[in-house]
Amino acid sequence: MQTATEAVIYNKAGQRIVSPDYLLFEAPRTKHFMTGSEAVKEAVKRASVDASVSYPITPQSEAAHLIGELWVEGYVGVYFRGESEFGVMSEIAGCAMAGARTITTTSGPGTLRAFENFPMWAGTRIPVQLVLMARGVNSPLSIQPDNLEVGFLLDTGCMIWYAENAQDLFDMILAGFTVAEQPDVHVPVITVVDGFFVSHTREAVMLPPDDIALPPYNPYKAPMPVIDAEVPPGRFLRDPFVMKSNYISYATHASWQWEVRSAIERSRPYAKHYLRGLIEEFGDPSAELVFVACGTAAAQAKEAVRLLEEEGIRARVVKLKTIRPFPIEELKQAVKGAKYIFVPEFNVVGWLEREVRRYLYGHSEAEVIGAPRVAGGMTMPAEVIVKEVLKLTGKEVKHVI
Amino acid sequence: MSYKIYEINEDLLDVMPQEIRDLQFRATWGNPKRGVMDLPYSKELIEEHSLCAGCPESMALRYILASLPNPEDTIIINSTGCTSLVFPHIALHTVHSLFGNQNAVASGIKRVLEWRFPDKVKDVVVLAGDGATVDIGLDCTLQSFFRQEKITTICFDNEVYANTGGQESGLTVKGHVFKMAPKGKQWDKVPFWQIAIDSGCHYVARLTVSSPKRVETVIKKAIYVAREVGPTYVHLYTPCILEIGLNSDDGLDEMRQRDKERFAFFEYVSEPAKEVIERKKEEGLL
Ligand SMILES: Cc1ncc(C[n+]2csc(CCOP(=O)(O)OP(=O)(O)O)c2C)c(N)n1
Ligand code: SF4
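Residues numbered from 1 in each chain as written. Chains lettered and ligands numbered in written order. Predicted model: local features only at pLDDT ≥ 70, side-chain atom pairs only at ≥ 80, totals over all residues. Heavy atoms only, no water.

### Observations concerning the sheet that holds strand β4 (residues 78-81) of chain A
All names here are of chain A.
Stage number 1. Pairing in this open sheet of 7 strands is mixed, and the strands run β4-β3-β5-β6-β8-β7-β14 from one edge to the other. Single-partner strands in this sheet number two, and they are β4 and β14 (322-324). Averaged over neighbouring strand pairs, the angle between their axes works out to 20 degrees when direction is ignored.
Stage number 2. The sheet contact formed by strand β3 (residues 51-54) and strand β5 (residues 102-106) spans 2 bridges and is parallel. Looking across to β5, one finds that alanine 51 is bridged to threonine 102. (Pairing = 2+ DSSP bridges. Helix = DSSP H or I, 4+ residues; strand = E, 2+ residues; numbered from the N terminus. Axes fitted to C-alpha atoms, helices over the stretch in contact; angles between N-to-C directions.)

This is the structure in structure tokens:
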């Protein structure tokens, strides 16, 4: 509500500026039926985005096209197609260094081609947002869903959030900028969603009106000087150049890496607020059988909980919304009393299982079971999850798979 | 940016280091006519550096920094290599991000600055070695030309990967034995100035840095044309005296030698660029 003395502020696209809290929690929402890619467009439309650079790769191309449409419509300031993902992530870095709120999207092999850029983004403390529509990595050639690539990204110094569905994705993109741009955080955020399962699936999404938007990015609040020649330059590079071989430069480099990791830690309270908690729980809180999952694996685990109920087995799901920062305390609390922890995943290596084991080591008596695991585009029907549980309990497997 | 931003608070004047005071009292901000002739009398935009003694790259950097028409609003993008050791000593906004992505980073910066400051001139200059420009970064370099990004790209061609200890590059001359070309370079030096023309640059020059005044004119033309028309490219021979086995005081002679052959002065100017250059001459800026 506007009071009489308050001036209404508009962004460059003519949308009314509202607080992130209003946009995310208070604004009235209406139901729309759309794909995950369209949800990206709707989020970007309300995010006062300054710049986006794109490169096609299935399944994210459509989201990138739609951001281009927003540029034509005047919602995005700068938009073009780069030469490759390596080029795009570098161009994105330039856009953000020059003071723009910047977003891009990619998938699978594109992520790996761009890889050298992600630690560079983190090291230069730019609050870029990458929407990653996870997909299989060649070879053999695959465009299918698989989230192996996320395992590679975990320790780049970027925040990693994981959306379960189009609604999560919409809200996370808006929250992502808000959290990433906090002056005491100011590191990139990679918002992951499972390709195809979410990007290409139509579902109900509750959206606030499109004539309101996030407050524009203020680059002068950044902890590093913005590269726009509007402030006197320090005698340093954007990333302090510390490759001289002496103890001070080693210490500087090491402390900088710790600082980037600390920045991710400092995002916890903000992420907790804007995401309504770093985890989400589903099912019987007293059940001894717990699924820990993220993305669509969490959605399928929720279905499995319902099927297990029919088998007379009580189970619950702990969905992780953030992987970096890892919700350590939340997970420890949530698995108190658990006997079995299943970690269903859409990749062959089980990176989430590794994470869960690492953080629960010495803090939980439960047996951690890294299953089921599917890859290469295979779906994970709830029955596959149920089968794993029944195998463990020695029960007959009734469901036909 | 206003160059007045360099003015030191009066109460702090006596405690500021001399180099910072010099930036206020002896620098050449705000004067588009600044040039290499100011070097002996004014504060240079570069402090001491960690290049090898007598390295022609250091001369090139001094001349280029002295020639920028608009240093107070110029951003320089660099790449990994010998030049990147100099960048922490430059009193401008500079960026080093990775090896080979300099033209991509510059594209992002230029486009956002044009959008954020539509009424101001912000010059974006890329400065990198031959390995960065023509080998690992070739894709980003060429594509920035194709996209007609309004940036100036300067290549320091020392015909070798110097910073990693003397490996052959795409710009090494045929037959030359360098590390990783133990039988001698197998193919010809890439004529990148020609590729730059064919790829859409509006002003292209090839030269050594033996003549400071000539470097100044070329850099100014390249920046003025990039500002108004599109991509420009300057190819400078800055021999790696270390890797070709010359003494610290041999760099200048080496360049004068090459002035007569493979780095003979060459200049290409597109039609729209000619118009800009003529106008700048009339304004007394060239
Ligand atoms: C991705 C990547 N590959 C390799 C390197 C190692 N590297 C650092 S500098 C350099 C050579 C630079 O050569 P050039 O661009 O010609 O500049 P110069 O040092 O000769 O001035 C190489 C290969 C790197 N930093 N990053
Ligand atoms: S190694 Fe060669 S190019 Fe590098 S600073 Fe020394 S002389 Fe110059």
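### Concerning the nonpolar core
Stage number 1. If you look at the biggest cluster of nonpolar residues, it comprises 119 residues, and the most contacted ones within it are Trp121(A), Ile323(A), Ile341(A), Val356(A) and Ile109(B).
Stage number 2. Here this core takes 10 residues from helix α8 (residues 166-180) of chain A, the largest share from any one element.
Stage number 3. Excluding its chain neighbours within four sequence positions, the residues that come into contact with Ile341(A) are Val290(A), Val292(A), Val335(A), Val356(A), Leu360(A), Ser364(A), Ala366(A), Glu367(A), Val368(A) and Ile369(A).
Stage number 4. Core analysis: the next-biggest nonpolar cluster, separate from the first, contains 46 residues, Leu68(B), Ile219(B), Met255(B) and Ile277(B) among them. (Core = buried A, V, L, I, M, F, W, Y, C linked by side-chain atoms within 4.5 Å. Buried < 20%, exposed > 50% of the residue type's maximum accessible area, 1.4 Å probe, protein only. Contact = heavy atoms within 4.5 Å.)

### What about the sheet that holds strand β16 (residues 367-369) of chain A?
Residue and element names in this part refer to chain A.
Stage number 1. Strand order in the open sheet formed by 5 strands is β11-β13-β12-β15-β16, with mixed pairing between adjacent strands. Of all strands in the sheet, those bounded by a partner on one side alone are β11 (279-283) and β16. Mean inter-strand twist for the sheet, computed between neighbouring axes without regard to direction, equals 20 degrees.
Stage number 2. Pairing analysis gives 3 bridges linking strand β12 (residues 289-293) to strand β15 (residues 340-342), with the strands arranged parallel. Counted as the bridge partner of valine 290 is isoleucine 341 from β15.
Stage number 3. Here helix α11 (residues 296-310) sits on the sheet in contact with β11, β12 and β13 (315-320), set at roughly 170 degrees to β13.
Stage number 4. Against the sheet, helix α14 (residues 382-393) engages β12, β15 and β16, with an angle of about 150 degrees to β15.

### Some points on the site of ligand 1
Stage number 1. In the vicinity of ligand 1 lie 17 residues, with Cys82(B), Gly131(B), Ala132(B), Asn158(B) and Ala162(B) positioned nearest.
Stage number 2. Each of chains A and B places residues near ligand 1.
Stage number 3. Ala132(B) is positioned with one of its backbone polar atoms (N or O) 2.9 Å from an oxygen atom of ligand 1.
Stage number 4. Protein chains shield 78% of the accessible area of ligand 1, which is 590 Å² for the free molecule.
Stage number 5. Class assignment of the residues belonging to the shell around ligand 1 gives a composition of 7 nonpolar, 7 polar and 3 charged. (Near = heavy atom within 4 Å. Polar contact = N/O pair within 3.5 Å; in protein donor to acceptor, adjacent residues only side chain to side chain. Areas by Shrake-Rupley, 256 points an atom, 1.4 Å probe, with all protein chains shown as cover. Nonpolar A, V, L, I, M, F, W, Y, C, P; charged D, E, K, R; others polar.)

### Side note on the pattern of salt bridges
All names here are of chain B.
Stage number 1. Across all of its chains, the model carries 52 salt bridges over all chains by this definition.
Stage number 2. Note that aspartate 123 and arginine 227 form a salt bridge whose closest N and O atoms lie 2.8 Å from each other. With aspartate 123 in strand β3 (residues 123-129) and arginine 227 in helix α7 (residues 212-228), this pair connects stretches of sequence that are 104 residues apart.
Stage number 3. Looking at aspartate 123, the relative accessible area reads 3%, which means it is buried.
Stage number 4. Arginine 227 sits in the partly exposed class, given a relative accessible area of 21%.
Stage number 5. Salt-bridge contacts for arginine 214 lead to aspartate 259; the nearest nitrogen and oxygen are separated by 3.7 Å. Of this pair, arginine 214 sits in helix α7 while aspartate 259 sits in helix α8 (residues 251-259), and the two are 45 residues apart along the sequence.
Stage number 6. Connected through salt bridges with shared partners, the residues Asp157, Glu159, Lys189, Glu254, Arg258, Glu261 and Arg262 form a single ionic network. (Salt bridge = Lys/Arg side-chain N within 4 Å of Asp/Glu carboxyl O.)

### Structural notes on the packing of aromatic side chains
Stage number 1. Scanning the model with the defined rule gives 10 aromatic pairs over all chains in all.
Stage number 2. Residues Phe291(A) and Phe342(A) carry aromatic rings whose centres are separated by 5.8 Å and whose planes lie at 50 degrees to one another, so their mutual orientation is tilted. You can see Phe291(A) sitting in strand β12 and its partner Phe342(A) sitting in strand β15, a full 51 residues away along the chain.
Stage number 3. Judged by its relative accessible area of 0%, Phe291(A) falls in the buried class.
Stage number 4. On the numbers, 5.2 Å between centres and 80 degrees between planes, the contact of Phe192(B) with Tyr233(B) is edge-to-face. Placement of Phe192(B) in helix α6 (residues 192-198) and of Tyr233(B) in strand β6 (residues 232-237) is noted, with a sequence separation of 41 residues between them. A single burial state applies to Phe192(B) and to Tyr233(B), both of which are buried.
Stage number 5. Put simply, the rings of Phe115(A), Phe118(A) and Trp121(A) touch in pairs and so form one group of aromatic residues.
Stage number 6. Between Lys122(B) and the ring centre of Phe117(B), over which it is positioned, the NZ or CZ distance is 4.5 Å.
Stage number 7. Positioned above the aromatic ring of Trp193(B), the side-chain terminus of Arg206(B) is 4.9 Å from the ring centre. (Phe/Tyr/Trp six-rings, centres within 6.5 Å; stacked < 30°, edge-to-face > 60°. Lys NZ or Arg CZ within 6 Å of the ring centre and 35° of its normal.)

### Focus: the site of ligand 2
Stage number 1. All residues adjacent to ligand 2 are Leu51(B), Cys52(B), Cys55(B), Cys82(B), Asn158(B), Ala162(B), Cys240(B), Ile241(B) and Leu242(B).
Stage number 2. Considering only residue class, the shell around ligand 2 consists of 8 nonpolar, 1 polar and no charged.

### Some points on the packing of α7(B) against helix α9 (residues 271-282) of chain B
The relative placement of two packed helices comes down to the angle between their axes together with the axis-to-axis distance.
Residues and elements named next belong to chain B.
Stage number 1. Here α7 crosses α9 at 120 degrees, and the two axes come no closer than 9 Å. Taken as axis vectors, α7 and α9 run oblique relative to one another. Two packed elements cross with a definite hand, and for α7 against α9 that hand is right-handed. Here α7 contributes Lys221, Tyr224, Val225 and Glu228 to the contact with α9, which in turn contributes Ala273, Val276, Ile277, Arg279 and Lys280.
Stage number 2. Split by residue class, the contact of α7 with α9 holds 5 nonpolar, no polar and 4 charged. (Parallel < 35°, antiparallel > 145°, perpendicular 65-115°, else oblique. Left-handed = near helix turned anticlockwise from the far one by under 90°.)

### What about the interface of chain A and chain B?
Stage number 1. Each partner contributes to the interface: chain A provides 42 residues, whereas chain B provides 46 residues.
Stage number 2. Both sides together, the interface formed by chain A and chain B hides about 3,600 Å², and carbon and sulfur atoms give 64% of it.
Stage number 3. Joining chain A to chain B, the criterion identifies 5 salt bridges.
Stage number 4. Where Lys122(B) meets Glu230(A), a salt bridge forms, and the shortest distance between an N and an O atom there is 2.3 Å.
Stage number 5. Viewed at the interface, chain B and chain A are joined by 11 residue pairs in polar contact (both at pLDDT 80 or more).
Stage number 6. Mapped onto the side of chain A that touches chain B, the elements with two or more residues apiece are β4, α4 (85-97) and α6 (117-123) of chain A.
Stage number 7. For the side of chain A that touches chain B, the leading source of residues is α4(A), giving 7 residues.
Stage number 8. Across the side of chain A that touches chain B, the residue classes tally to 22 nonpolar, 8 polar and 12 charged. (Buried area = accessible area lost by both parts, 1.4 Å probe.)

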